[in-house]
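The residues making up each chain are set out below.
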Amino acid sequence: MDNDPELNGKYLGQISEDFVVVADTLKEASYQIRKRKFSDYPIFPISKIDLPIGQLLIGKEELAINWNYNASYLDEFVQREIVGEDGIEAFKKAYKDPDEFCCLFVVDNDFTNFLFIPYPED
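A. Region of interest: the overall build of the chain. Regarding its fold elements, the chain presents 5 helices and 5 strands. Listed N to C, the secondary structure of the chain is α-α-β-β-α-β-α-α-β-β in terms of helices and strands. Computed over the C-alpha atoms, the radius of gyration of the chain is 13 Å, within 12% of the 14 Å expected from 2.2 N^0.38 for a compact globule of 122 residues. Each of the three principal axes of the chain carries a C-alpha extent, and together these read 35 × 30 × 25 Å. Every one of the 122 residues in the chain was classed for burial, and the buried ones make up 43%. Taking contacts inside the chain between residues at least 6 apart in sequence as the whole, the part at least 24 apart equals 57%. On the chain, the mean spot of the 12 positive side-chain charges and the mean spot of the 24 negative ones are 4 Å from each other.

B. Structural detail: the sheet that holds strand E4 (residues 101–108). One open sheet accounts for 5 strands, arranged E2-E3-E1-E4-E5; its pairing is mixed. Where the open sheet ends on each side, the last strands, each with one partner, are strand E2 (55–58) and strand E5 (111–118). The mean angle between the axes of side-by-side strands here comes to 35 degrees, regardless of whether they run parallel or antiparallel. Of the strand pairs in this sheet, E4 and E5 are connected by 8 bridges, and their pairing is antiparallel.

C. Region of interest: the environment of Phe-38. Counting through the fold element by element, Phe-38 comes out in the loop between helix H2 (12–35) and strand E1 (42–47). A C-alpha to C-alpha distance of 9.6 Å links Phe-38 and Leu-74, two positions 36 residues apart in sequence. When residues no more than four places from it in sequence are discounted, the contact partners of Phe-38 are Ile-33, Tyr-73 and Asp-75.

D. Region of interest: the pattern of salt bridges. All chains considered together, the criterion is met by 2 salt bridges. Residue Arg-80 pairs with Glu-76 through a salt bridge whose shortest N-O separation is 2.8 Å. Its relative accessible area of 42% is what places Arg-80 among the partly exposed residues. The buried category is assigned to Glu-76, whose relative accessible area is 15%.

Cut-off values and rules
- Residues numbered from 1 in each chain as written.
- Predicted model: local features only at pLDDT ≥ 70, side-chain atom pairs only at ≥ 80, totals over all residues.
- Heavy atoms only, no water.
- Helix = DSSP H or I, 4+ residues; strand = E, 2+ residues; numbered from the N terminus.
- Rg over C-alpha atoms; globule rule 2.2 N^0.38 Å.
- Buried < 20%, exposed > 50% of the residue type's maximum accessible area, 1.4 Å probe, protein only.
- Contact = heavy atoms within 4.5 Å.
- Lys, Arg positive; Asp, Glu negative; His and termini not counted.
- Charge placed at Lys NZ, Arg CZ, Asp CG, Glu CD.
- Pairing = 2+ DSSP bridges.
- Axes fitted to C-alpha atoms, helices over the stretch in contact; angles between N-to-C directions.
- Salt bridge = Lys/Arg side-chain N within 4 Å of Asp/Glu carboxyl O.

Here it is in structure tokens:
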């Protein structure tokens, strides 16, 4: 569950460019998901098209960014069998501190993977 090296060259520039714009919103959404006890494992699916995973949080047209950002969490990924029952513990073990890292689920054409990206320092 480490960041995929393929992601670095192809997507990291676009994602990082967007992330500085949306990081505060995602960090607050992560906090609210955990505070309201929806899940200890917030996940933010991102895609350039509409996704049926989670709820739209930030549309790319709203902020003139490259990606749509949805809000979800581990239970939905298990229910949709994106994370299998046998992968739950591995996911939890790989999951990084949600106060410091954002868990993105990148969906684009032939590429789908989890990415942990650090929130910018204040």
